[in-house]
Protein chains: 2
Amino acid sequence: MKHCLLAAVAALSLAIPVAAQDAPPPTAEIPSPGEIAAAAPAKDWVAIAPSDLLVMDLAPAAKGKKAPVRRVVIQLMPAPFSQGWIGNIRKLAAAHWWDGTSINRVQDNYVTQWGDATEKKPLPPGLATMPESDYVAPEPEDRFLPLFQVNDPYAGAITLYKGWPLGFGPAKDDDFNSGQIYWPLHCYAMVGVGRNLSPDTGSGAELYTVIGQAPRHLDRNIALVGRVISGMEHLSSLPRGTGPLGFYEDTKQRVPIASIRIATDLPLAEQPRFEYLSTESDSFAKYADARENRRDPFFIRPAGGADICNIPVPVRAVVAKK
Amino acid sequence: MKHCLLAAVAALSLAIPVAAQDAPPPTAEIPSPGEIAAAAPAKDWVAIAPSDLLVMDLAPAAKGKKAPVRRVVIQLMPAPFSQGWIGNIRKLAAAHWWDGTSINRVQDNYVTQWGDATEKKPLPPGLATMPESDYVAPEPEDRFLPLFQVNDPYAGAITLYKGWPLGFGPAKDDDFNSGQIYWPLHCYAMVGVGRNLSPDTGSGAELYTVIGQAPRHLDRNIALVGRVISGMEHLSSLPRGTGPLGFYEDTKQRVPIASIRIATDLPLAEQPRFEYLSTESDSFAKYADARENRRDPFFIRPAGGADICNIPVPVRAVVAKK
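In this text the structure is predicted, and so the values were computed from the model without any measurement.

The rules behind the values
- Residues numbered from 1 in each chain as written.
- Chains lettered and ligands numbered in written order.
- Predicted model: local features only at pLDDT ≥ 70, side-chain atom pairs only at ≥ 80, totals over all residues.
- Helix = DSSP H or I, 4+ residues; strand = E, 2+ residues; numbered from the N terminus.
- Buried ≥ 20, exposed ≤ 12 C-beta atoms within 10 Å, placed from the backbone.
- Contact = placed C-beta atoms within 7 Å.
- Nonpolar A, V, L, I, M, F, W, Y, C, P; charged D, E, K, R; others polar.
- Pairing = 2+ DSSP bridges.
- Axes fitted to C-alpha atoms, helices over the stretch in contact; angles between N-to-C directions.
- Least-squares fit on C-alpha atoms with pLDDT ≥ 70 in both.
- Core = buried A, V, L, I, M, F, W, Y, C linked by C-beta atoms within 7 Å.
- pLDDT = per-residue confidence, 0-100.
- Expected span 1.5 Å × (residues − 1).
- Arc of directions from axis to C-beta.

### Here's the deal with the overall build of chain A
Turning to step 1, where the next piece is worked out: For chain A, the helix and strand inventory stands at 4 helices and 16 strands.
Turning to step 2, where the next piece is worked out: Taking all 322 residues of chain A together, the buried fraction comes to 51%.
Turning to step 3, where the next piece is worked out: Sequence separation of 24 or more characterises 70% of the internal contacts of chain A that already satisfy a separation of 6 or more.

Listed below in structure tokens is the structure:
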């Protein structure tokens, strides 16, 4: 089966926002970041394995047999990050554990959270109990490209690894001979593991995604396991909860989850296909530079820098060619 | 008429987000940022003049006579910022110009935008045409508190002025003897003036608010005129538009605006009252420090810094005592 590419990068949830104006004319001499990504050659796009995709189907928003299921696709993080929790998530999905649970919390400018509202549903056997030390990871063995000289208010240094924004720094504070550790960042649409007070780190059964300004103070305090790459609007546009912390006060407000599966457990024809713009590619370097310095026609003053969470990695759907 | 204070700071749209977890016990020894704000003495809270509040009533979400109007309250910026556009906005509100217009665009992780979808409605006479030079302002005459030693990826320096986050730097790039200029920042819930391509700067008739990660690359490229301080959820939780740039493709999706008024043009009993935590107060300094270093029970590792847009200025409603 061959695949052809959807050109509509801008239609994806993690796609590049454009300015708060009418569309600039397509004849612009200086391309926008989105145009740079869209023009990247096929070799700069990396396929995401369906085995690393978590597919969440929410109950339809409207009644009636023809009302469409709301599908959310989450890309799970690669090793060495959060693999214990991600292993639990694979077991929970295989056990169909989330089916019949719900979205229970939507706090404006913060998170949408789902899981078992009753907190009584037995977990499947064999889940790992993860230590807080796994909020960070050693340096991956693959090559790194420390692209960004970003003035980051949170992490000492920032990089990108296989499409994921990371912070890094010495394993022991103020000891630069202690080796480097790396951790994922709480950007928009990232997915994390709800937990109670430390030393509990959560099992992975209770998950949330970021729907507002990046709550980076949660970095290294909670496990991040992935990010929403499609259908984010189904999570970000839900009514805000009116209870404390944005929990739904009325159980009728909860949004039922029909199912959550690893994509490879779906029939082959239903498995979603995505790819990301390699963060090691020249195209990405150009894209990131354009995010930091908007020179396309709408802008009169390039910023000269950008928040790492404002350089979202382009992701696009791949549709099967019949 | 006396006023008493609503303790429910956390219920406000610009209030302090709390961690993605169950509520920590209220017996915590180290207070959270929200608890610090809530405990601030009355002298540290500053009343917002009703003449600086823009009240937008959206048509009810549901049908029926009892369905509640969705009210959004926007605080306009103080001088010397964007006063030309704000003067236009006052004239547009006085002329009831927005009544019957609509929200036409909701782009995920970016903006919600409203105004005249037909782009044909005549503007009231006497609107000023503002120059791009007014995207920035000279230093206000009042005292400044350059509180934040933030590593900001966009502006050379950051401060707060009467409750507003600002960037500042030399008037001429790389010339530190050229005097300082100041500009507001595109944080969550900030309200700006839609425009077409430069040198057009927009009249103020087309407005947007930020509903996602702070698009700080728009700083100094668009006029900011205020921020949503109540009812933000009515703008952030709307269905995302499926057209280019998040415009609604079907005119039926547009959200009708019943009216937009300056609060002082409403009957006295209906005028909303708000106050903000003085950014010059000791309470705010403690609050900001706690935002930069979360030490309340949920956290195991304080960040040691925070994005300026992640230190939202606490705002709370004041209700009339009968």
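### Some words on the environment of B:Val69
Residue and element names in this part refer to chain B.
Turning to step 1, where the next piece is worked out: Here Val 69 is to be found in the loop between β3 (53-58) and β4 (70-76).
Turning to step 2, where the next piece is worked out: For the pair Val 69 and Ala 59, spaced 10 residues apart in the sequence, the C-alpha separation amounts to 5.7 Å.
Turning to step 3, where the next piece is worked out: Once residues within four sequence positions are removed from consideration, Val 69 is found in contact with Asp 57, Leu 58, Pro 60 and Ala 258.

### As for the interface of chain B and chain A
Turning to step 1, where the next piece is worked out: Listed as interface residues are 61 residues of chain B and, on the opposing side, 61 residues of chain A.
Turning to step 2, where the next piece is worked out: Going through the elements one at a time, β6 (111-115) and α3 (232-236) of chain B are the ones with two or more residues in the side of chain B that touches chain A.
Turning to step 3, where the next piece is worked out: At 3 residues, α3(B) tops the list of elements feeding residues into the side of chain B that touches chain A.
Turning to step 4, where the next piece is worked out: The residue inventory of the side of chain B that touches chain A, partitioned by class, reads 30 nonpolar, 18 polar and 13 charged.

### Description of the sheet that holds strand β14 (residues 255-262) of chain B
Residues and elements named next belong to chain B.
Turning to step 1, where the next piece is worked out: Strand order in the closed barrel formed by 8 strands is β3-β4-β13-β11-β12-β6-β5-β14, and the pairing between neighbours is antiparallel. Mean inter-strand twist for the sheet, computed between neighbouring axes without regard to direction, equals 35°.
Turning to step 2, where the next piece is worked out: In terms of strand pairing, β4 meets strand β13 (residues 224-230) through 4 bridges, oriented antiparallel. Directly across from Ile 74, in β13, lies its bridge partner Val 228.
Turning to step 3, where the next piece is worked out: Against the sheet, helix α2 (residues 83-94) touches β3, β4, β11 (190-193), β13 and β14, its axis set at about 110° to β14.

### Some remarks on the relation of the copies chain B and chain A
Turning to step 1, where the next piece is worked out: Mapping chain B onto chain A is achieved by rotating through 180° and translating by 0.0 Å along the same axis, at an RMSD of 0.0 Å. Here the symmetry operator amounts to a two-fold rotation axis.
Turning to step 2, where the next piece is worked out: Most of the interface of chain B is mirrored in chain A, where 100% of its interface residues are also at the interface.

### Considerations on the nonpolar core
Turning to step 1, where the next piece is worked out: Grouped together as the largest cluster of nonpolar side chains are 166 residues, with contacts concentrated most on A:Leu54, A:Ile74, A:Val225, B:Leu54, B:Ile74 and B:Val225.
Turning to step 2, where the next piece is worked out: Other than its neighbours up to four places away in sequence, A:Leu54 contacts A:Ile74, A:Leu76, A:Ile89, A:Ala93, A:Gly226, A:Ile260 and A:Ile262.

### Regarding the pairing of β6(B)
Residue and element names in this part refer to chain B.
Turning to step 1, where the next piece is worked out: With respect to burial, β6 is a largely interior element, 5 of its 5 residues being buried.
Turning to step 2, where the next piece is worked out: The alternating pattern of β6 places Val 111, Gln 113 and Gly 115 and Thr 112 and Trp 114 on opposite faces, both of which are buried.
Turning to step 3, where the next piece is worked out: Examined bridge by bridge, strand β5 (residues 102-107) and β6 share 5 bridges and lie antiparallel to one another. Bridge pairing links Ile 103 to Trp 114 in β6.
Turning to step 4, where the next piece is worked out: Connecting the antiparallel pair β5 and β6 is a turn made up of 3 residues, with Asn 109 showing a positive phi of about 60°.
Turning to step 5, where the next piece is worked out: The pairing of β6 with strand β12 (residues 207-210) spans 4 bridges and is classified as antiparallel. Bridge pairing in β12 links Thr 112 to Thr 209.

### Re the confidence of the model for chain A
Interpretation of the predicted coordinates at a detailed level should be avoided for regions scoring low in pLDDT.
Turning to step 1, where the next piece is worked out: Mean pLDDT over chain A: 89, with 88% of residues reaching 70 or higher.
Turning to step 2, where the next piece is worked out: Both confidence scores are given for the complex: pTM 0.91, ipTM 0.90.

### Details of the sheet that holds strand β6 (residues 111-115) of chain A
Residue and element names in this part refer to chain A.
Turning to step 1, where the next piece is worked out: Here 8 strands make up a closed barrel; going around it, the order is β3-β4-β13-β11-β12-β6-β5-β14 and the pairing antiparallel. Each strand of the sheet is rotated relative to its neighbour by a mean of 35°, with strand direction disregarded.
Turning to step 2, where the next piece is worked out: Note that strand β5 (residues 102-107) and strand β14 (residues 255-262) share 2 bridges and pair antiparallel. From the neighbouring strand, Ser 102 faces β14, where its bridge partner is Pro 256.

### Some thoughts on the environment of B:Asn221
Turning to step 1, where the next piece is worked out: Along the polypeptide, B:Asn221 turns up in the loop between β12 and β13.
Turning to step 2, where the next piece is worked out: The residues touching B:Asn221, leaving out its near neighbours within four places in the chain, are A:Phe299, A:Ile300 and A:Arg301.

### Considering α2(B)
The α-helix winds at 3.6 residues per turn, so residues separated by three or four positions along the chain end up facing the same way.
Residue and element names in this part refer to chain B.
Turning to step 1, where the next piece is worked out: In this model α2 runs 16 Å from its N-terminal to its C-terminal C-alpha over 12 residues, within 8% of the 16 Å that 1.5 Å per residue would give.
Turning to step 2, where the next piece is worked out: Among the residues making up α2, those that are buried are Trp 85, Ile 86, Asn 88, Ile 89, Leu 92 and Ala 93. Projected down its long axis, α2 carries its buried residues within an arc of 155°, all on one side.
Turning to step 3, where the next piece is worked out: Where α2 is buried, its residues touch β3, β4, β11, β13 and β14.
Turning to step 4, where the next piece is worked out: Just downstream of α2 lies His 96, where phi reads positive at about 55°.

### A short note on the pairing of β14(A)
Turning to step 1, where the next piece is worked out: By the bridge criterion, 5 bridges tie strand β3 (residues 53-58) of chain A to β14(A) in an arrangement that is antiparallel. Along β14(A), the bridge assignment pairs A:Asp57 with A:Ser259.

### Quick word on helix α4 (residues 282-292) of chain A
Turning to step 1, where the next piece is worked out: Here α4(A) has its buried residues at A:Ser283, A:Phe284, A:Tyr287, A:Ala288, A:Ala290, A:Arg291 and A:Glu292.
Turning to step 2, where the next piece is worked out: Turning to α4(A), the residues buried within the fold contact α1 (33-38) and β15 (274-277) of chain A.

### So, unusual backbone geometry
Turning to step 1, where the next piece is worked out: The step from A:Ala79 to A:Pro80 runs through a cis peptide bond, and the omega angle for that step is 10°.
Turning to step 2, where the next piece is worked out: Locating A:Pro80 in the fold gives a position in the loop between β4 (70-76) and α2 (83-94).
Turning to step 3, where the next piece is worked out: A positive phi angle is found at A:Ser82, which is not glycine, with a value near 55°.
Turning to step 4, where the next piece is worked out: Although it is not a glycine, B:Arg220 adopts a positive phi angle of roughly 70°.
Turning to step 5, where the next piece is worked out: Here B:Arg220 shows up in the loop between β12 and β13.
Turning to step 6, where the next piece is worked out: Of the residues examined, B:Arg220 has 25 C-beta atoms within 10 Å and is grouped as buried.

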